[in-house]
Amino acid sequence: MNWRIPSDGGPHIVTIGGGTGLSTMLRGLKYYSRNLTAVVTMADDGGGSGVLRQDLGMPPPGDLRNCLQALANVEPIMEELLAYRFPEGALAGQSFGNLFLAALDGISGSFEEAVARMNQILAVTGRVLPVTDNNVNLIAEFENGTSVRGESQIYAFKKQQHCRISRVRLEPERPNALPPVIEAIGQADVIILGPGSLYTSVIPNLLVSGVVEAIARSQALRIYIGNIMTQEGETEGYTLSEHIRALLDHGVPGMIDLCLANSADIPEDVRVRYRPENAQPILVDGSAVRALGVELICEPLSDETRRYKARHDPQKLARAILSVVEDRCVRTWTDQGVRYVREH
């Protein structure tokens with residue numbers, strides 16, 4: 001299949017997640033559709049985002065900045081500036097992109113407006129939306145009855161507890177989603193959850209009021225992109241079906257139609273680098289996935305040029321997604337223009 005952006009702009013795709021997994025996928029999808037909406041978690045409270053959140057009282061900009069950078073159509077020097085981190089002084093570890101968004105927040109009427117302005121300034125393909133503008137914190141509850149507050153605290157706390165996360169929730173609970181988020185989900189041809197950290201990047205979006213309900217009633221093709229590796233301090237020992245079950249437990253049954261998982265082998269020299277983290281390639285337990293009512297498609301999706309970390313290849317992943325869309329959807333004319341309608 002030789003996909004390029006068609007004259008109608010391509011399928012309306014809504015991606016839901018955060019972190020490097022989401023931004024990596026967006027770098028591929030931008031070449032196949034202009035009708036992209038990236039919905040991004042607002043639960044981050046660590047690193048440079050945490051500093052700005054504490055000092056300025058603004059929502060965390062880091063995950064938004066990564067996605068905006070991935071979809072930006074700017075000169076290389078601008079992309080380099082957005083990613084630049086100050087090496088020392090009072091700004092040590094802070095990125096220019098975060099400060100840019102913080103400055104826009106300062107001169108805008110709301111954080112939502114600031115993000116919209118940054119979308120325009122960077123001439124992004126599609127748009128990037130925060131899932132909520134509420135000041136939220138992520139709380140993880142563990143199987144032994146303990147809990148910890150703060151996304152940045154979950155990793156270390158879980159390692160101390162030596163047990164699995166049972167649930168995560170937001171404080172305050174069920175904050176309102178931004179109206180454009182619900183609107184975008186309702187108008188989507190394709191909804192994609194992940195890839196990304198299960199409990200700290202993907203699931204927090206499902207805890208925002210209206211998001212799960214909008215996904216559940218959508219007629220779009222709903223896809224989960226499985227991670228390549230388990231994650232230390234979050235999903236050690238999880239199989240693919242356990243990732244999906246956690247998503248459904250925080251959402252509703254039937255919320256996912258299809259899972260796209262990596263089938264390429266991870267080289268031994270890459271696996272070795274993960275052993276100190278007790279992380280390994282995720283076991284694709286196909287029968288258990290299908291028992292959850294989710295179709296499974298396995299494709300070689302890993303980036304073979306990366307010899308240090310296992311990552312999705314943006315182009316391979318984008319092509320696999322669009323291939324699934326072509327196989328499962330019919331391109332048709334509606335009152336809203338060309339749409340990609342799922343075949344039932």
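Up top you'll find the structure we're talking about.
All figures in this text were calculated on a predicted structure; none of them were measured in a lab. (Residues numbered from 1 in each chain as written. Predicted model: local features only at pLDDT ≥ 70, side-chain atom pairs only at ≥ 80, totals over all residues. Heavy atoms only, no water.)

K.L.:
Sorry, what's going on with the pairing of strand E11 (residues 329-334) here?
P.N.:
Remark: a regular strand shows side chains that alternate across the two faces of the sheet. Bridging between E11 and strand E12 (residues 337-342) involves six bridges; their strand directions are antiparallel. Each residue of the ladder has a partner; that of Thr334, found in E12, is Gly337. Between E11 and the antiparallel strand that follows it, E12, lie two residues. (Pairing = 2+ DSSP bridges. Helix = DSSP H or I, 4+ residues; strand = E, 2+ residues; numbered from the N terminus.)

K.L.:
How should I be thinking about the state of the cysteines in this particular structure?
P.N.:
Disulfide: a covalent bond formed between the sulfur atoms of two cysteine residues. In this structure the tally under the stated criterion is zero disulfides. Between Cys259, a free cysteine, and Cys298, which holds the nearest cysteine sulfur, the sulfur-to-sulfur gap is 7.5 Å. Relative accessible area serves as the criterion here: at 0%, Cys259 is assigned to the buried category. (Disulfide = S-S within 2.5 Å. Buried < 20%, exposed > 50% of the residue type's maximum accessible area, 1.4 Å probe, protein only.)

K.L.:
For this particular structure, what's the right way to read the side chain of Gln94?
P.N.:
By secondary structure assignment, the location of Gln94 is in the loop between helix H4 (76-83) and helix H5 (96-107). For Gln94, a relative accessible area of 5% translates into the label buried. Leaving out residues up to four positions away in the same chain, Gln94 has contacts with Gly48, Val51, Leu52, Tyr84, Arg85, Phe86 and Leu99. (Contact = heavy atoms within 4.5 Å.)

K.L.:
Explanation requested: the packing of aromatic side chains in the structure shown.
P.N.:
Think of a pair of aromatic rings as described by two things: how far the centres are apart, and how the planes are tilted against each other in angle. Going through the model one piece at a time under the given rule, you end up with four aromatic pairs. Look at Tyr84 and Phe86: their rings are 5.2 Å apart centre to centre, the planes differ by 75 degrees, and that puts the pair in the edge-to-face class. When its relative accessible area of 39% is taken as the criterion, Tyr84 is described as partly exposed. A residue is classified by how much of its surface remains accessible, and Phe86, at 23% relative accessible area, is partly exposed. Taking 6.2 Å as the distance between ring centres and 90 degrees as the angle between the ring planes, the aromatic pair formed by Tyr199 and Tyr238 counts as edge-to-face. Of this pair, Tyr199 sits in helix H9 (residues 198-206) while Tyr238 sits in the loop between strand E8 (221-225) and helix H11 (240-250), placing them 39 residues apart in sequence. What makes Tyr238 buried here is its relative accessible area of 5%. The residue whose ring lies beneath Lys30 is Tyr31, and the NZ or CZ to ring-centre distance is 5.9 Å. (Phe/Tyr/Trp six-rings, centres within 6.5 Å; stacked < 30°, edge-to-face > 60°. Lys NZ or Arg CZ within 6 Å of the ring centre and 35° of its normal.)

K.L.:
Help me understand unusual backbone geometry, please; the structure alone is not making it clear to me.
P.N.:
In this structure, Pro172 follows Glu171 across a cis peptide bond, with omega equal to 0 degrees. With respect to the secondary-structure elements, Pro172 resides in the loop between strand E6 (165-171) and helix H8 (179-186). Looking along the chain, the bond that leaves Gly194 and enters Pro195 is cis, with omega of -5 degrees. If you trace the backbone, Pro195 turns up in the loop between strand E7 (190-193) and H9.

K.L.:
Can you help me understand the packing of helix H2 (residues 47-56) against H5 in this one?
P.N.:
When two helices pack together, you describe them by how their axes are tilted relative to each other and by the distance separating the axes. Look at H2 against H5: their axes get within 10 Å of each other, and the N-to-C directions meet at 25 degrees. As far as their axial angle goes, H5 and H2 are roughly parallel. As for the relative orientation of H2 and H5, their crossing is right-handed in sense. Within the contact between the two elements, H2 uses Gly48, Ser49, Leu52 and Leu56 and H5 uses Asn98, Leu99 and Ala102. Partitioned by chemical class, the residues of the contact of H2 with H5 number four nonpolar, three polar and no charged. (Axes fitted to C-alpha atoms, helices over the stretch in contact; angles between N-to-C directions. Parallel < 35°, antiparallel > 145°, perpendicular 65-115°, else oblique. Left-handed = near helix turned anticlockwise from the far one by under 90°. Nonpolar A, V, L, I, M, F, W, Y, C, P; charged D, E, K, R; others polar.)

K.L.:
Looking at this structure, I do not really get the sheet that holds E8. What am I missing?
P.N.:
Strands belonging to one sheet form pairs held by backbone hydrogen bonds; the direction of such a pair is parallel or antiparallel. Taken in spatial order, the seven strands line up as E3-E2-E1-E7-E8-E9-E10 in an open sheet, and their pairing is parallel. Single-partner strands in this sheet number two, and they are strand E3 (127-130) and strand E10 (295-299). Neighbour to neighbour, the strand axes of the sheet diverge by 20 degrees on average, direction disregarded. Both E8 and strand E9 (residues 258-262) contribute to a ladder of three bridges, which runs parallel. Its bridge partner being in E9, Ile223 is matched across the sheet by Leu258. Sheet strands in contact with helix H1 (residues 19-29) are strand E1 (13-17), strand E2 (36-40), E7 and E8, and its direction is about 160 degrees off that of E1. Its contacts with the sheet put H11 on E8, E9 and E10, and the angle it makes with E8 is roughly 130 degrees.

K.L.:
I keep staring at the layout of surface pockets and nothing clicks. Help me out?
P.N.:
Sizing a probe to match a water molecule and rolling it over the atoms shows the empty space that remains. If you add up the space inside the largest pocket, you get close to 1100 Å³. Contributing elements (two or more residues each) for the lining of the largest pocket: H1, H2, helix H3 (62-71), helix H7 (154-161) and H9. Sorting elements by how many residues they give to the lining of the largest pocket places H1 first, with six residues. (1 Å grid on protein atoms, 1.4 Å probe; cavity = no way out; pocket = protein on both sides within 12 Å on 5 of 7 lines; lining within 4 Å. Points joined across faces, edges and corners; volume = space filled by probe spheres on them.)

K.L.:
Quick question: what am I supposed to make of empty space enclosed by the protein here?
P.N.:
Inspection of the entire model under this criterion finds one cavity of 30 Å³ or more. Quantified by volume, the largest cavity comes out at close to 30 Å³. If you go around the largest cavity, the residues you meet are Thr41, Met42, Ala43, Val131, Thr132, Val136, Leu170, Pro204, Asn205 and Val208. Split into classes, the residues belonging to the lining of the largest cavity amount to seven nonpolar, three polar and no charged.

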